[in-house]
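Listed below are the residues making up each chain.
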Amino acid sequence: MEKNLEEIMNAEAIKLRGMRRTIARRMQESLSKSAQLTLHSTIVIRELVEFKASNKEVSYNDIFIKAVALALSSHKRLNSTLVDNTIYQWPDINIGIAVALDDGLLVPVIQKVQEKSLSQIKQDRIDLIQRGKTGQLTAEEVTAGTFTISNLGMYPIDCFTPILNSPQVALLGIGRIKQETVVINQQIEIAPVLNLSLTIDHQVIDGAPGAAFLKELENILHHPELIN
């Protein structure tokens, strides 16, 4: 005990300030006010990798944003917010994208994704991130989200348990793409594999509708020609 106390006294004290303090408060509120359940899914994405290779001008994030919007159009309950025990199901799909900054996390929102092409999503994403890093985003551009995507695919992370971006009721976590040994049509093959982690608020969405959303998203990623 004395050693631990001495270590604490000698350690550098870093107080939570600014953005970090806001993030800490929001994460605590999210966990305390919602019943969070995370569903994990592993999918083979050979078709998606081939699609990306022939569409080098867009990023995987752009493709995921559009694919999620297509899936949400058939699973509208996930495109909702929960405020004061009232569920608001939104007609527009406004997707927030988690962006890591030096001192915290920013979630700029691409609005009305259901109406936008991949190239428009790319332009919006680049513009929002650039302005976000210089503190030029409007309040609406960080608060109007109805669904959030957190992509850690650039790190050696396979899957994780995302915390909801309250008052939203669903958030999709995306891991890295890696080559794995899989069985396809009773044949052993090496193929690109992706892990998805969908966190939902069980107060609004049950496990089966969440699983159905992931199944729909998997089908879209297996048929990337649907993404335009």
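Details of the structure are given in the entry above.
Structural notes, computed from the coordinates. This structure is a prediction, so every number in the text was calculated from the model and none was measured. (Residues numbered from 1 in each chain as written. Predicted model: local features only at pLDDT ≥ 70, side-chain atom pairs only at ≥ 80, totals over all residues. Heavy atoms only, no water.)

Below, the discussion takes up the overall build of the chain. Assigned secondary structure in the chain consists of seven helices and 10 strands. Taken over C-alpha atoms, the radius of gyration comes to 19 Å for the chain, in line with the 17 Å a tight globule of 228 residues would show. With respect to the principal axes defined by its C-alpha atoms, the chain has extents near 60 × 40 × 35 Å. Per-residue burial for the chain yields a buried fraction of 42% across its 228 residues. Sequence-distant contacts, at least 24 apart, represent 63% of the contacts inside the chain between residues at least 6 apart. By element, 52% of the accessible surface of the chain is carried by carbon and sulfur atoms, the whole surface being about 12,900 Å². (Helix = DSSP H or I, 4+ residues; strand = E, 2+ residues; numbered from the N terminus. Rg over C-alpha atoms; globule rule 2.2 N^0.38 Å. Buried < 20%, exposed > 50% of the residue type's maximum accessible area, 1.4 Å probe, protein only. Contact = heavy atoms within 4.5 Å. Areas by Shrake-Rupley, 256 points an atom, 1.4 Å probe, with all protein chains shown as cover.)

Let's shift gears to a nonpolar patch on the surface. A surface patch of nonpolar side chains, amounting to about 270 Å² of accessible area, comprises V83, Y88 and W90. Within the secondary structure layout, Y88 lies in strand β3 (residues 86–89). A residue is classified by how much of its surface remains accessible, and Y88, at 38% relative accessible area, is partly exposed. (Patch = residues over 30% accessible without salt bridge, like charges linked within 9 Å, V, L, I, M, F, W, Y side chains within 5 Å. Salt bridge = Lys/Arg side-chain N within 4 Å of Asp/Glu carboxyl O.)

Moving on: the packing of aromatic side chains. Summed over all chains, the structure comprises three aromatic pairs. Seen in terms of ring centroids, F147 and F213 are 5.9 Å apart; in terms of plane orientation they differ by 45 degrees. Their pairing is tilted. In this pair, F147 sits in strand β8 (residues 147–151) while F213 sits in helix α7 (residues 207–222), placing the two residues 66 residues apart along the sequence. This pair shows no difference in class: F147 is buried, exactly as F213 is. A cation over a ring is seen here: K52 above Y60, with NZ or CZ 5.7 Å from the ring centre. (Phe/Tyr/Trp six-rings, centres within 6.5 Å; stacked < 30°, edge-to-face > 60°. Lys NZ or Arg CZ within 6 Å of the ring centre and 35° of its normal.)

So, on to the nonpolar core. Within the largest apolar cluster, 47 residues are counted, with the highest numbers of intra-cluster contacts made by V68, F147, L172, L198, F213 and L217. At eight residues, helix α4 (residues 60–72) tops the list of elements feeding residues into this core. Excluding residues that lie within four positions of it along the chain, L198 makes contacts with L37, T38, L39, L78, F147, A170, L171, L172, G210, F213 and L214. (Core = buried A, V, L, I, M, F, W, Y, C linked by side-chain atoms within 4.5 Å.)

Compared with the 22 Å implied by 1.5 Å per residue over 16 residues, the 23 Å span of helix α5 (residues 118–133) between its first and last C-alpha is a close match. Within α5 the residues assigned to the buried category are L118, I121, R125, L128, I129, R131 and G132. One or two steps after α5, the chain reaches G135, where phi turns positive at roughly 70 degrees. (Expected span 1.5 Å × (residues − 1).)

By secondary structure assignment, the location of L39 is in strand β1 (residues 36–44). Linking L39 and F147, residues 108 residues apart in sequence, is a C-alpha distance of 16 Å. Non-local contacts of L39, meaning those with residues more than four positions away in its chain, are made with L196, S197, L198, I200, G207, G210, A211 and L214.

In the sheet, strand β2 (residues 80–83) pairs with β3 via four bridges, with the strands oriented antiparallel. Within the sheet, the bridge partner assigned to L82 lies in β3 and is I87. Between β2 and β3, which pair antiparallel in sequence order, lie two residues; one of them, D84, sits at a positive phi of approximately 50 degrees. (Pairing = 2+ DSSP bridges.)

This next bit is on the side chain of E141. Structurally, E141 can be placed in helix α6 (residues 140–143). Under the relative-accessibility criterion, E141 is labelled buried at 16%. Here T138 takes part through its backbone nitrogen, which lies 2.9 Å from a polar atom of the side chain of E141. If near-sequence neighbours (up to four positions away) are discounted, E141 is found in contact with V107, P108, V109, Q111, L128 and R131. (Polar contact = N/O pair within 3.5 Å; in protein donor to acceptor, adjacent residues only side chain to side chain.)

Here we come to the pattern of salt bridges. Under the definition given, this model contains eight salt bridges. Between R46 and E189 there is a salt bridge, with the nearest N and O atoms lying 2.8 Å from each other. Taken together, the residues span a long stretch of sequence, with R46 in helix α3 (residues 46–53) and E189 in strand β10 (residues 187–201) at a distance of 143 residues. A salt bridge links D158 to K178; its shortest N-O distance comes to 3.1 Å. Remark: K178 occurs in strand β9 (residues 170–184) and D158 occurs in the loop between β8 and β9; sequence separation between them is 20 residues. For K178, a relative accessible area of 24% translates into the label partly exposed. Here the residues in one salt-bridge network are D158, R176, K178 and E180, joined through shared partners.

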